[in-house]
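Coordinates in review
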Amino acid sequence: MKKESQVIFDRNVVEFVTVAAEFCKFMEQAEGAKRSAFIDTSLKILPLLYLKTSMLPECKTIGDEAPETFVTEETYEILRMNLAAILAEKDDYMDVFVSDMKYSDQPITKFISEDLADIYQDIKDFIFVFQLGLNETMNDSLAICQENFRLHWGQKLVNTLRALHDAKYAQGEDDDDCDCEENI
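Before going into details, it helps to say that this report is about the structure given with it. (Residues numbered from 1 in each chain as written. Predicted model: local features only at pLDDT ≥ 70, side-chain atom pairs only at ≥ 80, totals over all residues. Heavy atoms only, no water.)

**A closer look at the nonpolar core**
Of all hydrophobic cores here, the largest spans 46 residues; its most connected members are Phe-16, Phe-23, Met-27, Phe-38, Leu-49 and Ile-123. Elements represented by at least two residues in this core include exactly α1 (11-28), α2 (35-54), α3 (73-87), α4 (112-132) and α5 (135-169). With ten residues, α5 is the largest single contributor of residues to this core. Setting aside its immediate chain neighbours within four residues, Met-27 contacts Phe-38, Ser-42, Leu-79, Leu-83, Leu-116 and Tyr-120. (Core = buried A, V, L, I, M, F, W, Y, C linked by side-chain atoms within 4.5 Å. Buried < 20%, exposed > 50% of the residue type's maximum accessible area, 1.4 Å probe, protein only. Helix = DSSP H or I, 4+ residues; strand = E, 2+ residues; numbered from the N terminus. Contact = heavy atoms within 4.5 Å.)

Pasting the structure below:
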């Protein structure tokens, strides 16, 4: 066995695979969930996913071909629509970390459901290949997932976490006066 493929058996990789599989399962079973429960669980699993990804050992591709992907456009869109239905009016948020923002004087509107579907797509493709059990493709899938984390979904995860925090804890205009007077 090549030394490069040994990284897939590292404890941090095993822990990442476990959290990644739980994240995918949570996203796949979210349909019909109550918004408050969905947001609560998301606020717990997303930081854990970020932590476990950041603890992965450095991994480089060793194969000549890219591993196959699992998530189709249809699967992606169904998941995105399910999440959008759960989040409803809490789905959109203003993003200031979009590279296009430097060319615009208007905030960019993003959607939690779309960001979560993007994260899911990369993670599910990784999990799918990892479950095949072929060392070289497992290694390459891990390397691709790490690279995509650095370039794409890591920032989306952090931005989404901020938006979910706001959806849970920010008081709306209607809520400003509700309990304040009772507690005085």
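**With respect to unusual backbone geometry**
Its identity as a non-glycine residue notwithstanding, Ala-88 has a phi of 50°, on the positive side. Within the fold, Ala-88 resides in the loop between α3 and β1 (92-95). For Ala-88, a relative accessible area of 39% corresponds to the partly exposed category.

**Quick notes on the pattern of salt bridges**
Taken as a whole and assessed by the stated rule, the structure comprises eleven salt bridges. A salt bridge links Arg-150 to Glu-58, with the shortest nitrogen-to-oxygen separation between them at 3.8 Å. Of this pair, Arg-150 sits in helix α5 while Glu-58 is found in the loop between α2 and α3, placing the two residues 92 residues apart along the sequence. Judged by its relative accessible area of 46%, Arg-150 falls in the partly exposed class. Among the ionic contacts, a cluster of salt bridges with common partners joins Glu-58, Lys-60, Glu-147 and Arg-150. (Salt bridge = Lys/Arg side-chain N within 4 Å of Asp/Glu carboxyl O.)

**As for the environment of Phe-126**
For Phe-126, the position within the fold is in helix α4. Owing to a relative accessible area of 1%, Phe-126 belongs among the buried residues under this scheme. Separated by eleven residues in the primary sequence, Phe-126 and Thr-137 have C-alpha atoms spaced 9.7 Å apart. Sequence-distant contacts of Phe-126, that is, excluding residues within four places in its chain, are made with Phe-16, Val-17, Ser-141, Leu-142 and Cys-145.

**Focus on α1**
Along its 18 residues, α1 runs 26 Å from first to last C-alpha, staying within 8% of the 26 Å computed at 1.5 Å per residue. The set of residues buried in α1 consists of Asn-12, Val-13, Phe-16, Val-17, Val-19, Ala-20, Phe-23, Cys-24, Phe-26 and Met-27. Sitting at the amino-terminal end of α1 is Asp-10, which places a side-chain oxygen 2.8 Å from the backbone nitrogen of Asn-12. (Expected span 1.5 Å × (residues − 1). Polar contact = N/O pair within 3.5 Å; in protein donor to acceptor, adjacent residues only side chain to side chain.)

**A look at α5**
When the terminal C-alpha atoms of α5 are compared, their 44 Å separation across 35 residues is substantially less than the 51 Å that a helix rising 1.5 Å per residue should span. At Phe-149, α5 is bent by approximately 65°, the largest bend along its length. (Bend = angle between axes of the 7 residues up to and from the residue.)

**What about the packing of α2 against α3?**
The description of two helices packed together rests on the angle between their axes and the distance between the axes. Across the interface, α2 lies against α3 with an axial gap of 8 Å and an inter-helix angle of 115°. In terms of axis orientation, α2 runs roughly perpendicular to α3. Contacts between α2 and α3 pair Arg-35, Phe-38 and Ile-39 from the former with Leu-83, Ile-86 and Leu-87 from the latter. For the contact of α2 with α3, the per-class residue count stands at five nonpolar, no polar and one charged. (Axes fitted to C-alpha atoms, helices over the stretch in contact; angles between N-to-C directions. Parallel < 35°, antiparallel > 145°, perpendicular 65-115°, else oblique. Nonpolar A, V, L, I, M, F, W, Y, C, P; charged D, E, K, R; others polar.)

**Quick look at the packing of aromatic side chains**
Taken as a whole and assessed by the stated rule, the structure comprises six aromatic pairs. Considering the side-chain rings of Phe-126 and Phe-130, the 5.1 Å spacing of their centres and the 45° angle between planes classify their relative orientation as tilted. Note that Phe-126 and Phe-130 are positioned in helix α4 at a spacing of four residues, about one turn of the helix. Phe-130 carries the same exposure label as Phe-126, and that label is buried. Among the aromatic residues, those joined into a cluster by ring pairs are Phe-16, Phe-126 and Phe-130. (Phe/Tyr/Trp six-rings, centres within 6.5 Å; stacked < 30°, edge-to-face > 60°.)

**Regarding the side chain of Asp-95**
Here Asp-95 shows up in strand β1. The buried charged residue Asp-95 lacks any salt bridge partner; its closest oppositely charged side chain belongs to Arg-162, at an N-O distance of 4.4 Å. For Asp-95, the side chain forms a polar contact with the side chain of Asn-159, separated by 3.3 Å. (Lys, Arg positive; Asp, Glu negative; His and termini not counted.)

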